[in-house]
Amino acid sequence: MPELPEVEVTRRSFADRIQGARIVAAEPGLPLRWPLGRAPEDLVGQTVAGVDRRGKYLLLRLDDGVLLVHLGMSGSLAFRHDLPPPGKHDHFDLITTRGTLRLHDPRRFGAVVWSPGLDADPARKLLSTLGVEPLDGAFDAAAFHAGLRRRRAPIKQVLLAGDVVVGVGNIYASEVLFMAGIRPTTRADRLSRARSDRLHAAVRQVLARAVERGGSTLRDFSSAVGESGHFQLEAAVYGRAGQPCVVCATPLRQIRQGQRSTFFCPVCQRA
C-alpha cells in the first residue's frame, strides 16, 4: 500500500513537469472508490497550477477547484507523452499539453475526486481528520506527546490511525518504533515525554530517509516516471522476522496488530 513517502515521491516525480499544463481531456475508466464529482468535460481547458500533498492525497490545483488523487491500496501514477492505450487496470487519464497523467489501480480502491476547494466538501470531509504532517515545521514534539497522552491504544495502532500524526504507515511504524526503542504494544498514554521525543525524532528521520530513497517497493510501487523505491533494502526490522537484530543480534519477532504485521526486537524494544 503506498504510504506518505511513496505519495510524496510520486508528487515530486511529476509536479514540476505538469505545472502550467492545460487540460485537453479527462477520460475516466471503470468506477473508482468515489465518483469524480464533476463532468469530465468541465475540466477541459483548465490549467494545473501546481501539485501539493496532504497525507496520502495528491492535490492538483486547477483554475476552478482541485483534483484530489488517492492511490488506494495498489495504485500508481504515470506521467508521459507516449503512454500506450489504457489497459485493464488503467482507470483515469488526465490528458494535458505536457503529457498524460494516468492512474493505474488493479484493486480500484484509489480515487480521483474534484472539489471546489480544500475548505469545501468533499475535500474538507476527506482531509479534516488527518493529523499533523510529520515533515512540516508544525510537527511539534510537545503537541505530539499531548496527543499520545489522550490515547490508550497500543502505540503502533495510534501511529497507523493518522489522527495524531499523518503518514506513518505499517512499514514505517515498525521502523520508527525500533529506532525509538519502544515496543509496538506499549500503550500510547504511558510514554514519558522523553520517550515521546525520541519517537518524534524517529518519525521525522525515518520518513525523510524513505522519501530520499524513493519510498518502498515491496510489490509494484513506482513513481510517475517508473522508478522503484529502495528504502525496503535498508529496513532494520520490517520483513525480517527470525533474522538477527542489527543492534544486538537477537532474532527479530513478528506479531499481528489490527490484522497487520508488526516487527520488533524483544531486547532493544523491551517496553
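None of these values were measured; they are calculated from a predicted model.

**Here's the deal with the overall build of the protein chain**
Link 1 in the chain: Broken down by element type, the protein chain carries 6 helices and 10 strands.
Link 2 in the chain: What you see for the protein chain is a C-alpha radius of gyration of 20 Å, in line with the 18 Å of a compact globule of 271 residues.
Link 3 in the chain: Oriented by its inertia axes, the alpha-carbon framework of the protein chain measures out at about 60 × 35 × 30 Å.
Link 4 in the chain: The buried share of the protein chain, taken over its 271 residues, is 52%.
Link 5 in the chain: In the protein chain, the share of contacts with a sequence separation of at least 24, taken over all contacts with a separation of at least 6, comes to 63%.
Link 6 in the chain: Looking at charge distribution, the protein chain has the averaged site of its 38 positive side-chain charges lying 10 Å from that of its 27 negative ones.

**Remarks on the packing of helix α5 (residues 170-180) against helix α6 (residues 193-212)**
Link 1 in the chain: Running from N to C, α5 and α6 cross one another at 130°; their axes reach a closest spacing of 8 Å. By the angle between their axes, α5 is oblique relative to α6. Relative to α6, the crossing made by α5 is right-handed. Where α5 abuts α6, its residues Tyr 172, Glu 175, Val 176, Leu 177, Met 179 and Ala 180 lie against Arg 198, Leu 199, Ala 202, Val 203, Gln 205, Val 206, Leu 207 and Ala 210.
Link 2 in the chain: Among the residues forming the contact of α5 with α6, the class breakdown is 11 nonpolar, 1 polar and 2 charged.

**A short note on the environment of Gly 131**
Link 1 in the chain: Note on placement: Gly 131 falls in the loop between α2 (123-127) and α3 (141-149).
Link 2 in the chain: The spatial distance from the C-alpha of Gly 131 to the C-alpha of Leu 159 is 10.0 Å, given a sequence separation of 28 residues.
Link 3 in the chain: Beyond its immediate sequence surroundings of up to four residues, Gly 131 is in contact with Arg 54, Gly 162, Asp 163, Val 164, Val 165 and Val 166.

**Brief notes about the sheet that holds strand β2 (residues 48-54)**
Link 1 in the chain: Overall, antiparallel pairing links the 4 strands, which are arranged β2-β3-β4-β8 in an open sheet. Each edge of the sheet is formed by a strand with only one pairing partner; in this case those strands are β2 and β8 (111-115). Neighbour to neighbour, the strand axes of the sheet diverge by 20° on average, direction disregarded.
Link 2 in the chain: Here 5 bridges tie strand β4 (residues 66-70) to β8, and the two strands are oriented antiparallel to one another. By the bridge assignment, Leu 67 is partnered in β8 with Trp 114.

**Structural notes on the state of the cysteines**
Link 1 in the chain: If you walk through the whole model with that rule in mind, you get 0 disulfides.
Link 2 in the chain: Lacking any disulfide linkage, Cys 248 is separated from the closest cysteine sulfur, that of Cys 265, by 3.6 Å.
Link 3 in the chain: When its relative accessible area of 30% is taken as the criterion, Cys 248 is described as partly exposed.
Link 4 in the chain: Taking the relative accessible area as the measure of exposure, Cys 265 reaches 0% and is therefore buried.

Analysis parameters
Every chain begins its residue count from 1, and numbering advances along the sequence as written. Local features in this predicted model are restricted to residues of pLDDT 70 or higher, and side-chain atom pairs are both shown and tallied only at a pLDDT of 80 or more, whereas totals for entire chains, interfaces and linings draw on every residue. To obtain the side-chain values, all non-hydrogen atoms of the structure were included, while hydrogens and water were left out. Counting from the N terminus, the helices are DSSP H or I runs at least four residues long and the strands are E runs at least two residues long. C-alpha atoms define the radius of gyration, and 2.2 Å times the number of residues to the power 0.38 defines the globule rule. Note on exposure labels: buried denotes an accessible area under 20% of the residue type's maximum, exposed denotes more than 50%, and partly exposed covers the range between, all computed with a 1.4 Å probe on protein chains only. The contact criterion used is simple: two residues touch if any of their non-hydrogen atoms lie within 4.5 Å. Charge assignment: positive for Lys and Arg, negative for Asp and Glu; neither His nor the chain ends contribute. Think of each charge as sitting on NZ of Lys, CZ of Arg, CG of Asp or CD of Glu. A fitted line through C-alpha atoms represents every axis, and for helices the fit uses only the stretch in contact; the resulting angles, taken between N-to-C directions, go from 0 to 180 degrees. Note on angle classes: values under 35 degrees are labelled roughly parallel, values over 145 roughly antiparallel, values of 65 to 115 roughly perpendicular, and the remainder oblique. Left-handed describes a crossing whose near helix is turned anticlockwise from the far helix by less than a right angle; the clockwise case is right-handed. Ten residues, namely Ala, Val, Leu, Ile, Met, Phe, Trp, Tyr, Cys and Pro, are considered nonpolar, four, namely Asp, Glu, Lys and Arg, are considered charged, and the remaining ones, Gly among them, are considered polar. At least two DSSP bridges between two strands are needed for those strands to be called paired. We call a pair of cysteine sulfur atoms a disulfide whenever their separation is within 2.5 Å.

Keep in mind that these numbers describe shape and distance, not what the molecule does.
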